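Read off the chains here:
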Amino acid sequence: MSPDTIFAVSSGAPPSAISVIRISGPHSGAALTALAGELPEPRRAVLRSLKHPVDSHILDSALVLWFPGPRTATGEDCAELHCHGGRAVIVAVSAALGAIDGCRPAEAGEFTRRAFANGVMDLAEAEALSDLLAAETERQRKQALDQAGGLLSRQIEDWRQRLLQGSALVESELDFSDEDDVDAASAEKLRRFLSDLASEVETALATPPAERLHDGLRVVIAGPPNAGKSTLLNRLVQREAAIVTDIAGTTRDIIEAPVTLNGIAYIFTDTAGLREDSADAVEAIGINRAQQALVRADIVLWLGAAWDKPDHPALIDIAAKADLGADKAGADCVVSAKTGEGVEALISQLTKLAQTLLPPLDQPAWNARQRGLLRAFAEALGRAQLGEDMLVVGEELRLARLALDQITGRSHVEDMLDTLFGKFCIGK
Ligand SMILES: Nc1nc2c(ncn2[C@@H]2O[C@H](COP(=O)(O)OP(=O)(O)OP(=O)(O)O)[C@@H](O)[C@H]2O)c(=O)[nH]1
Ligand SMILES: [K+]
Ligand SMILES: [Mg+2]
């Protein structure tokens, strides 16, 4: 059964100067002919009057392009209409397209889903494309662009090829040796081969998760009441995100404020001042939430006494209220949120620390789904190294390959496709 031909506005919301309507599927050529009169030369933009296929009234004057498959964005025949970006123009052209046999409006992400189904891109690349569309910071953009270009997929392919070599070694052992007499030297060679592979996977698993880059690093501002936490938050995010008063115990709820500084996305979190003897039930709940936030923090900005510091691997110890004459031995940073003194220095310390906590540039960034599969891959490799029976080793290597194939979507991914492609906008 041949698929429907789909169409959608692929540029931004109307009204705009120009709207790009994309068409993909087996009837693309017929649809373009019906509206523009004839098929232009492939991949050449030409100006045409678009006419309604039934009554021939003029819909718009547009640049049209014809992309015969399979070397197209979706792997199918495609066409583009660069129309005027008015709402009525889009409605009229869409209605004309919808009247053509076999053509219907696209669902969210359907173009990309077809690209995946037709092997134009793999699943990891489609995930990266979704990240690229969502990217708001320079670092997110760069990482997503590299990954959409195959950075992660190339790493998987390298591991996959080596795994296949390992499987070939196992097969030859099974073919050429007596069952009880596996050649010790080849078994040792195989084990070394697998352990090298496993240690590369462990290195990848040790890199910071991609979510930190996409969602923003969680920076928690903590310390005793009235330390100036909310004032510092407001200074860092440059708006009055939290209430400031001279009353100890002002902040109770967790206050989150996303912000980009030096091209890195953060979620700053202001918390209730920590003290042990709060008689106020609401404040006590706030303190509890503050403690939970500290556990989840990627970075802590600590405004309390040095001896009271929470145990956290990424903590910046701040001497606050510098304008009042800070005296905090060994502080990393001396800041007055009131006057702004030291805030630039704090931000540059934060940037340096953040860089160590984000996935390194020019290397694949692994999201939660992919990390889960990498772990399954590493575990199968671990079991394969312990296996005495070559039949068992061969089976573990097959399971290892299955995990890799799920990362790029070669197999067993039906359940996550709707989730992924549903995140795309219509027209992508
Ligand atoms: N002089 C001076 N005063 C400050 C500074 N930062 C905060 N303050 C004052 O200190 C008081 C408490 O500030 P907040 O920002 O509410 O302190 P907090 O740590 O959020 O307090 P709680 O939410 O109650 O835990 C307010 O009166 C602020 O104006 C500073 O850098 N210099
Ligand atoms: K306060
Ligand atoms: Mg506060």
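If you check an unreviewed UniProt entry, the chain appears there as tRNA modification GTPase MnmE from Alterisphingorhabdus coralli. Under the Subunit (unreviewed entry) heading, UniProt states for the chain: "Homodimer. Heterotetramer of two MnmE and two MnmG subunits."

Draft legend 1. Inspection of the sheet that holds strand E8 (residues 255–261) at higher detail. In spatial order, the strands read E8-E9-E7-E10-E11-E12; together these 6 strands make up an open sheet with mixed pairing. Looking along the sheet, the strands with just one partner apiece sit at the ends: E8 and strand E12 (333–334). Judged from the 3 bridges that link them, strand E10 (residues 299–302) and strand E11 (residues 315–319) form a sheet pairing that is parallel. Bridging across to E11, Val300 finds its partner in Leu315.

Draft legend 2. Just the UniProt feature "binding site: K(+)" (unreviewed entry) in the chain, in detail. Here the UniProt feature "binding site: K(+)" (unreviewed entry) sits at Asn226, Thr245, Ile247 and Thr250. A compact arrangement is adopted by the annotated residues: their sequence extent is 25 residues, whereas the largest C-alpha distance between any two is 8.3 Å. As for its placement among the helices and strands, Ile247 is situated in the loop between helix H9 (229–237) and E8. C-beta crowding within 10 Å serves as the criterion here: with 9 such atoms nearby, Ile247 is assigned to the exposed category. Here Thr250 lies in the loop between H9 and E8. Judged by C-beta crowding, with 18 C-beta atoms within 10 Å, Thr250 ranks as partly exposed. With sequence-adjacent residues up to four places away left out, Thr250 is seen in contact with Ser230, Ile243, Val244 and Thr245.

Draft legend 3. View of the sheet that holds strand E6 (residues 103–105). Across the sheet, which stays open at both edges, the 6 strands sit in the order E3-E4-E5-E2-E1-E6 with mixed pairing between neighbours. Of all strands in the sheet, those bounded by a partner on one side alone are strand E3 (46–51) and E6. Taken over all neighbouring pairs, the strand axes of this sheet differ in orientation by 30° on average, direction set aside. Of the strand pairs in this sheet, strand E2 (residues 16–24) and strand E5 (residues 78–85) are connected by 8 bridges, and their pairing is antiparallel. The residue of E5 that forms the bridge with Val20 is His82.

Draft legend 4. Examining the environment of Arg43 more closely. Relative to the elements of secondary structure, Arg43 occurs in the loop between helix H1 (28–36) and E3. Along the backbone, Arg43 and Glu80 are 37 residues apart, and their C-alpha atoms lie at a distance of 9.9 Å. In this structure, Arg43 is in contact with Leu65 and Phe67, ignoring residues within four places of it in sequence.

Draft legend 5. Structural view of the UniProt feature "domain: TrmE-type G" (unreviewed entry) in the chain. Taken from the UniProt record, the annotation "domain: TrmE-type G" (unreviewed entry) applies to residues 216–355. Taken end to end, residues 216–355 is 27% helix and 22% strand, and its two terminal C-alpha atoms sit 12 Å from one another.

Draft legend 6. Inspection of the packing of helix H7 (residues 184–205) against helix H12 (residues 368–386) at higher detail. Taken N-terminus to C-terminus, the directions of H7 and H12 make an angle of 155°; their axes are 9 Å apart at the nearest point. As summarised for this structure, H7 and H12 are arranged roughly antiparallel, according to the angle between their axes. Viewed along their axes, H7 and H12 form a crossing whose handedness is left-handed. Contacts between H7 and H12 pair Arg191, Leu194, Ser195, Leu197, Ala198, Val201, Glu202, Ala204 and Leu205 from the former with Arg371, Leu374, Arg375, Phe377, Ala378, Leu381, Gly382, Ala384 and Gln385 from the latter.

Draft legend 7. How the structure looks around the site of ligand 1. Close contacts around ligand 1 come from 22 residues, with Gly228, Ser230, Thr231, Thr251 and Gly273 the closest. A per-class count over the shell around ligand 1 returns 7 nonpolar, 10 polar and 5 charged.

Draft legend 8. Local environment of the pairing of strand E9 (residues 264–270). Burial within E9 is extensive, with 6 of its 7 residues counted as buried. Taken together, the 5 bridges between strand E7 (residues 217–222) and E9 define a ladder with parallel strand orientation. Note that in E9 the partner of Val219 across the bridge is Phe268. For E8 and E9, the ladder comprises 7 bridges, and the chain directions are antiparallel. Note on E9: the bridge partner recorded for Pro258 is Ile267.

Basis of the calculations
Residues numbered from 1 in each chain as written. Chains lettered and ligands numbered in written order. Predicted model: local features only at pLDDT ≥ 70, side-chain atom pairs only at ≥ 80, totals over all residues. UniProt positions renumbered as here; feature names shortened; annotations may be inferred. Pairing = 2+ DSSP bridges. Helix = DSSP H or I, 4+ residues; strand = E, 2+ residues; numbered from the N terminus. Buried ≥ 20, exposed ≤ 12 C-beta atoms within 10 Å, placed from the backbone. Contact = placed C-beta atoms within 7 Å. Axes fitted to C-alpha atoms, helices over the stretch in contact; angles between N-to-C directions. Parallel < 35°, antiparallel > 145°, perpendicular 65-115°, else oblique. Left-handed = near helix turned anticlockwise from the far one by under 90°. Near = placed C-beta within 6 Å. Nonpolar A, V, L, I, M, F, W, Y, C, P; charged D, E, K, R; others polar.

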